[in-house]
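# Observations on the model geometry
Here are the chains, one letter per residue:
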Amino acid sequence: MSEEKAKTSKLFHILPPDSTPPAKGIARLAATSYDAGEGHLVEFRTLPVRSLMNKVVSRRNLPFMWSINPYRGCEFGCRYCYARYTHEFMELRDPADFERKIYVKQSAAWLLRQELRSVKRNQNIAIGTATDPYQPIERRSKITRSILEVFASERGFSLGIVTKSTLIERDIDLLQKIAAGNDLTVHITITTHNAQLARVLEPRAPRPDLRFRTVRRLREAGLRTGVMCSPLMPGITDGASALDTMARKSRDVDASFFFANPLFLKPCSKATFLAFVHEHFPQLDPLYAKRFEEAFVSRAYQKRLADLVAAVRKKYRLGIRYAETRIETEADSEAQGREERDGSPQQQSLWPMQTAPRKPVLAQPVRQRVMMTS
């Protein structure tokens, strides 16, 4: 046996012991990153990406063709976040790494200017589909602001921004310039009006009341801004009373539209979210075990939620985001959420698919307040 080992070691002497294949694509880029500072339980690193814009390839008729995510990972630590899987492409397998190891994309503005040359003016672009573009690190890195500065000098694009952060108010000046020459829609995600629930559900995101205030301020600045009440979580935020309150508060801040979509749990987020449910809502364990045997809830449940959302939207005379949407299936989601290994990611979207081309529908003016029913 020792003789055989000796022969083997001589044959493969050029290989180090227990060698592993070299990293490829985005994992290789992450391996070359360097320290960019620390926060509370968070590590920041640079990411020397070769591309900023992600081509959306899907069988679904999505409302946008390109997505931009200024960061990889998100400090807000939302328990339901579906995007945790994106860290796996950098060989980071612990779901908690998504909120603890944040990668800051380098040369974002320069890359965007080069890539926009090949983007047609009628192709829609979404900012913040897999990470919040206004998470805390943005205060000092200003990657998102540099991206907006590029779009402020452009004309004819259709842009959508999704965020939970009040920090977006900092960039009202740029957003107004962008809206003057482009079609701009801002989505402020507010999953619940209950501050105590929000604190455990989205630990580092701003309070719900502050987010509603941001909607009002953006509307006062003349920007098309609505409330995205997603995801709706069974037994937690999907009740008729909760939706009524969310729609009423959206109307009170003059939201351009109100939208909500049900929770789905992919493998990367399922364990994290079910642990949250078990800790804070143990009585719902059986419900979630049944509803989420698969990643997506049943069609019947989705239809019931769609009817509830349509009812409160009509009651408070709130607009819709674009054209009416159809419900996402697991197969559709899997078709889009793949990322190439060459470092050019194709991000999964938190946006639903659509049956018609994107068509903005402005909110109707508020005429008279409607009292809540008990």
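See above for the structure.
Residues numbered from 1 in each chain as written. Predicted model: local features only at pLDDT ≥ 70, side-chain atom pairs only at ≥ 80, totals over all residues. Heavy atoms only, no water.

## Focus: unusual backbone geometry
Rules: Think of it this way: any DSSP run of H or I at least four residues long counts as a helix, any run of E at least two long counts as a strand, and we number them from the N terminus.
Note the cis peptide between Ser 230 and Pro 231, where omega equals 0°. Here Ser 107, not a glycine, exhibits a phi torsion of approximately 55°, which is positive. Mapped onto the fold, Ser 107 is located in the loop between strand E6 (101-105) and helix H4 (108-115). Phi is positive for Asp 254, close to 65°, though the residue is something other than glycine. Note on placement: Asp 254 falls in the loop between helix H10 (240-252) and strand E11 (258-259).

## Some points on the packing of H10 against helix H13 (residues 299-315)
What counts, and what does not: Here the axes come from fitting lines to C-alpha atoms, over the contacting stretch only for helices, and the angles between their N-to-C directions go from 0 to 180 degrees. By convention, the crossing between two helices is left-handed when the near helix turns anticlockwise from the far helix through less than a right angle, and right-handed when the turn is clockwise. Throughout, a residue-residue contact means that at least one pair of heavy atoms, one from each residue, lies within 4.5 Å. Charged residues are taken to be Asp, Glu, Lys and Arg, nonpolar residues to be Ala, Val, Leu, Ile, Met, Phe, Trp, Tyr, Cys and Pro, and polar residues to be all remaining types, Gly included.
Two elements in contact, H10 and H13, have axes whose closest approach is 9 Å; the angle formed by their N-to-C orientations is 35°. Crossing of H10 against H13: the hand is right-handed. Contacts between H10 and H13 involve Ala 240, Leu 243, Asp 244 and Ala 247 from the first element and Leu 308, Val 309, Val 312 and Lys 315 from the second. Considered class by class, the residues forming the contact of H10 with H13 number 6 nonpolar, no polar and 2 charged.

## Some thoughts on the sheet that holds strand E3 (residues 53-55)
Cut-off, in case you're wondering: By this definition, two strands are paired if DSSP reports at least two bridges between them.
Across the sheet, 7 strands lie side by side as E3-E4-E7-E8-E9-E10-E11; this open sheet has mixed pairing. Of all the strands in the sheet, just E3 and E11 have a single pairing partner and so form its edges. Against the sheet, helix H6 (residues 143-152) makes contact with strand E4 (66-68), strand E7 (124-127) and strand E8 (158-163), and its axis sits at roughly 155° relative to E7, the strand it touches most.

## Side note on the pattern of salt bridges
We count it as follows: Every case where a carboxyl oxygen of Asp or Glu lies within 4 Å of a side-chain nitrogen of Lys or Arg is listed as a salt bridge. Exposed residues in this analysis have more than 50% of their type's maximum accessible area, buried residues have under 20%, and partly exposed residues fall in between, with area computed by a 1.4 Å probe over protein chains only.
Applying the stated criterion to the full structure yields 19 salt bridges. For Arg 207, the salt bridge identified is with Asp 209, shortest N-O distance 2.8 Å. Owing to a relative accessible area of 39%, Asp 209 belongs among the partly exposed residues under this scheme. Several salt bridges converge on common partners, so that one network encompasses Glu 138, Arg 145, Glu 149, Arg 170, Asp 171 and Asp 173.

## A word on the environment of Val 227
For Val 227, the location among the structural elements is in strand E10 (residues 225-228). A relative accessible area of 0% places Val 227 in the buried class. Each C-alpha atom, one on Val 227 and one on Ala 247, is 8.6 Å from the other, the two residues being 20 residues apart in sequence.

## Notes on helix H11 (residues 267-280)
For an α-helix, 3.6 residues make a turn, and residues three or four places apart therefore share a direction. Just so we agree on the cut-off: A helix's residues, less one, multiplied by 1.5 Å, set its expected span. What the arc measures is the spread of directions leading from the helix axis to the C-beta atoms.
For H11, which comprises 14 residues, the first-to-last C-alpha distance of 21 Å matches the rise-based estimate of 20 Å (1.5 Å per residue) to within 8%. Within H11 the residues assigned to the buried category are Cys 268, Ser 269, Phe 273, Phe 276 and Val 277. Looking straight down H11, one finds that the buried residues subtend no more than 125° of arc, so they occupy a single side. Exposed residues lying more than 90 degrees from the buried face of H11 are Pro 267, Ala 271, His 278 and Glu 279. Contacts made by the buried residues of H11 are with helix H8 (195-201) and helix H12 (285-291).

## A look at the side chain of Lys 164
Our working rule: Counting rule applied: Lys, Arg positive; Asp, Glu negative; His and chain ends not counted. Pairs of N or O atoms within 3.5 Å make up the polar contacts considered here, provided that, within protein, one atom can donate a hydrogen while the other can accept it, and that residues adjacent in sequence are counted only when both atoms are side-chain atoms.
Counting through the fold element by element, Lys 164 comes out in the loop between E8 and helix H7 (172-181). Look at Lys 164: it is buried, it has no salt bridge, and the nearest opposite charge is Glu 202 at 4.6 Å. In this structure the side chain of Lys 164 is engaged in a polar contact, spanning 3.2 Å, whose partner is the side chain of Tyr 80. Discounting residues that sit within four places of it in the chain, Lys 164 has contacts with Phe 76, Cys 78, Tyr 80, Asp 132, Thr 189, Glu 202, Ala 205, Pro 206 and Arg 211.

## A few points about the nonpolar core
So the rule is basically this: We define the nonpolar core as a collection of buried residues of types Ala, Val, Leu, Ile, Met, Phe, Trp, Tyr and Cys that are connected through side-chain atoms lying within 4.5 Å of one another.
Counting residues in hydrophobic clusters, the biggest one holds 90 residues, and the most contacted among them are Ile 125, Phe 151, Ile 236, Phe 258 and Phe 273. Looking at this core, the element that brings in the most residues is H6, giving 6 residues. If we skip the residues at most four places from it in the chain, Phe 258 touches Val 227, Cys 229, Leu 243, Met 246, Ala 247, Ser 250, Val 309, Val 312, Arg 313, Leu 318 and Gly 319.

## Thoughts on helix H9 (residues 208-220)
In this model H9 runs 19 Å from its N-terminal to its C-terminal C-alpha over 13 residues, within 8% of the 18 Å that 1.5 Å per residue would give. Those residues of H9 lying buried are Pro 208, Arg 211, Phe 212, Thr 214, Val 215 and Leu 218. The buried residues of H9 occupy an angular sector of 150° when the element is viewed end-on, so they sit on one face. Turning to H9, the residues buried within the fold contact H7, strand E9 (183-189), H8, E10 and H10. Just downstream of H9, Gly 222 is the residue with a positive phi angle, here 85°.

## Brief notes about the pairing of E8
Stated precisely, the cut-off is as follows: With its strands directed away from the observer, a crossover is right-handed exactly when the path from the first strand over the helix to the second travels clockwise.
When you tally the buried positions in E8, you get 6 out of 6 residues, the bulk of the element. Residues Ser 158, Gly 160 and Val 162 point to one face of E8 and Leu 159, Ile 161 and Thr 163 to the other, with burial holding for every one of them. Note: E7 against E8, 4 bridges, orientation parallel. When the sheet's bridge partners are listed, Ile 127 is paired in E8 with Ile 161. Strand direction decides the pairing type here: E8 and E9, joined by 6 bridges, are parallel. Within E9, the position partnered with Val 162 by the bridge is His 187. Taken together, E8, H7 and E9 form a β-α-β motif whose crossover is right-handed.

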